[in-house]
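Chain by chain, the residues:
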Amino acid sequence: MIATIGTNAGLVWNALNELGKMSPKALKKATKLKTDKELFAALGWLAKEGKLNFEGEGDEMLISLVMY
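Notes on the structure follow. Note that this is a predicted model, so its numbers are computed, not measured.

**Some words on the packing of helix H1 (residues 2–19) against helix H2 (residues 24–31)**
Line of reasoning, step 1. Packing of H1 against H2 brings their axes to within 9 Å, and their N-to-C directions diverge by 105 degrees. With respect to their mutual orientation, H1 and H2 come out roughly perpendicular. Only Leu27, Ala30 and Thr31 of H2 make contact with H1, whose side of the interface consists of Leu11, Val12, Ala15, Leu16 and Leu19.
Line of reasoning, step 2. Of the residues that constitute the contact of H1 with H2, the class distribution is seven nonpolar, one polar and no charged.

Written out as structure tokens, the structure reads:
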């Protein structure tokens with residue numbers, strides 16, 4: 001399970017790196033992850049590592065990579 005979450009985190013990071021800021025729905029589609037559980041576990045992994053920015057725009061949350 002941990003390896004799968006790490007792999008999915010890589011998919012999320014690559015999608016954000018290539019496509020930029022996205023909503024969770026767009027990110028799920030871009031990564032082709034099947035469930036919200038897979039997406040949010042991957043987001044949690046990257047958030048814990050300090051690699052994500054989260055911002056609200058209206059009712060929508062947008063996610064982007066932290067640029068160092």
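**Quick word on unusual backbone geometry**
Line of reasoning, step 1. At Lys32, a position not held by glycine, the phi torsion is positive, near 65 degrees.
Line of reasoning, step 2. Here Lys32 shows up in the loop between H2 and helix H3 (36–48).

**Considerations on the nonpolar core**
Line of reasoning, step 1. Within the largest apolar cluster, 14 residues are counted, with the highest numbers of intra-cluster contacts made by Val12, Leu16, Leu27, Leu39, Leu43, Leu52 and Ile63.
Line of reasoning, step 2. Going through the elements one at a time, H1, H3 and strand E2 (60–65) are the ones with two or more residues in this core.
Line of reasoning, step 3. Once residues within four sequence positions are removed from consideration, Leu39 is found in contact with Val12, Pro24, Leu27, Lys28 and Leu33.

**Considerations on the pattern of salt bridges**
Two side chains bearing opposite charge may form a pair once their charged atoms approach each other closely.
Line of reasoning, step 1. Here the structure, examined in full by the defined rule, presents three salt bridges.
Line of reasoning, step 2. Linking Lys21 and Glu55 is a salt bridge whose minimum nitrogen-to-oxygen distance equals 3.2 Å. With Lys21 in the loop between H1 and H2 and Glu55 in strand E1 (residues 52–57), this residue pair connects regions lying 34 residues apart in the sequence.
Line of reasoning, step 3. A relative accessible area of 43% means that Lys21 is categorised as partly exposed.
Line of reasoning, step 4. Relative accessible area serves as the criterion here: at 31%, Glu55 is assigned to the partly exposed category.

Definitions and cut-offs
- Residues numbered from 1 in each chain as written.
- Predicted model: local features only at pLDDT ≥ 70, side-chain atom pairs only at ≥ 80, totals over all residues.
- Heavy atoms only, no water.
- Axes fitted to C-alpha atoms, helices over the stretch in contact; angles between N-to-C directions.
- Helix = DSSP H or I, 4+ residues; strand = E, 2+ residues; numbered from the N terminus.
- Parallel < 35°, antiparallel > 145°, perpendicular 65-115°, else oblique.
- Contact = heavy atoms within 4.5 Å.
- Nonpolar A, V, L, I, M, F, W, Y, C, P; charged D, E, K, R; others polar.
- Core = buried A, V, L, I, M, F, W, Y, C linked by side-chain atoms within 4.5 Å.
- Buried < 20%, exposed > 50% of the residue type's maximum accessible area, 1.4 Å probe, protein only.
- Salt bridge = Lys/Arg side-chain N within 4 Å of Asp/Glu carboxyl O.

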